[in-house]
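Listed below, chain by chain, are the residues.
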Amino acid sequence: MRLDKFLKVSRIIKRRSIANEVCDAGKVSSAGRVLKASYQVSVGDKLSVTIGERTHIYEVLIVAEPVGKDAAREMTRLIS
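Residues numbered from 1 in each chain as written. Predicted model: local features only at pLDDT ≥ 70, side-chain atom pairs only at ≥ 80, totals over all residues. Heavy atoms only, no water.

A. The arrangement of the overall build of the protein in detail. Within the protein, the regular secondary structure consists of three helices and five strands. Counting from the amino terminus, helix and strand elements in the protein follow one another as α-α-β-β-β-β-α-β. Taking 80 residues into account, the globule formula puts the C-alpha radius of gyration at 12 Å, and the protein, at 11 Å, falls close to it. For the protein, the C-alpha atoms occupy an extent of roughly 30 × 25 × 25 Å along the three principal directions. Within the protein, contacts between residues separated by at least 24 positions form 34% of all contacts whose residues are at least 6 apart in sequence. As displayed, the protein offers around 5000 Å² of accessible surface, 49% of which is attributable to carbon and sulfur atoms. Within the protein, one finds 15 positive and 9 negative side-chain charges whose respective centroids are separated by 2 Å. (Helix = DSSP H or I, 4+ residues; strand = E, 2+ residues; numbered from the N terminus. Rg over C-alpha atoms; globule rule 2.2 N^0.38 Å. Contact = heavy atoms within 4.5 Å. Areas by Shrake-Rupley, 256 points an atom, 1.4 Å probe, with all protein chains shown as cover. Lys, Arg positive; Asp, Glu negative; His and termini not counted. Charge placed at Lys NZ, Arg CZ, Asp CG, Glu CD.)

Okay, structure coming up:
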């Protein structure tokens, strides 16, 4: 699944267009590497997402679609 779509489906970011803009601005990285919106997310990835002045690190647990609200919470684990 594409990174921008994953951010939307997992409800880390509310809209896919905003997720795409965040990726284009270089605010999503993994292992020190800036990721593009087209990056293919896989289980075990650790995503560092910066929105505003806050940076959160998420570990990808499940990559699936479509998912409900409860299942979206189980797609990632907040590390910090």
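B. Quick look at the pairing of strand E3 (residues 46-51). One ladder, built from two bridges, connects strand E1 (residues 28-30) with E3; its direction is antiparallel. Bridge assignment links Ser-29 to a residue of E3, and that residue is Ser-48. Where E3 folds back on strand E4 (residues 54-60), the antiparallel hairpin that results is connected by two residues, among which Gly-52 adopts a positive phi of roughly 70°. (Pairing = 2+ DSSP bridges.)

C. Examining the environment of Leu-35 more closely. Looking at where Leu-35 falls in the secondary structure, it is placed in the loop between strand E2 (33-34) and E3. Discounting chain neighbours no more than four positions away, the residues touching Leu-35 are Leu-3, Cys-23, Val-28, Ser-29, Ser-30 and Leu-47.

D. Quick peek at the pattern of salt bridges. A full pass over the atoms with the stated rule returns four salt bridges. With a shortest N-O distance of 3.9 Å, Asp-70 and Arg-73 are connected by a salt bridge. Residue Asp-70 and its partner Arg-73 are both found in helix H3 (residues 69-73); the two are separated by three residues, about one turn of the helix. For Asp-70, a relative accessible area of 53% puts it in the exposed group. (Salt bridge = Lys/Arg side-chain N within 4 Å of Asp/Glu carboxyl O. Buried < 20%, exposed > 50% of the residue type's maximum accessible area, 1.4 Å probe, protein only.)

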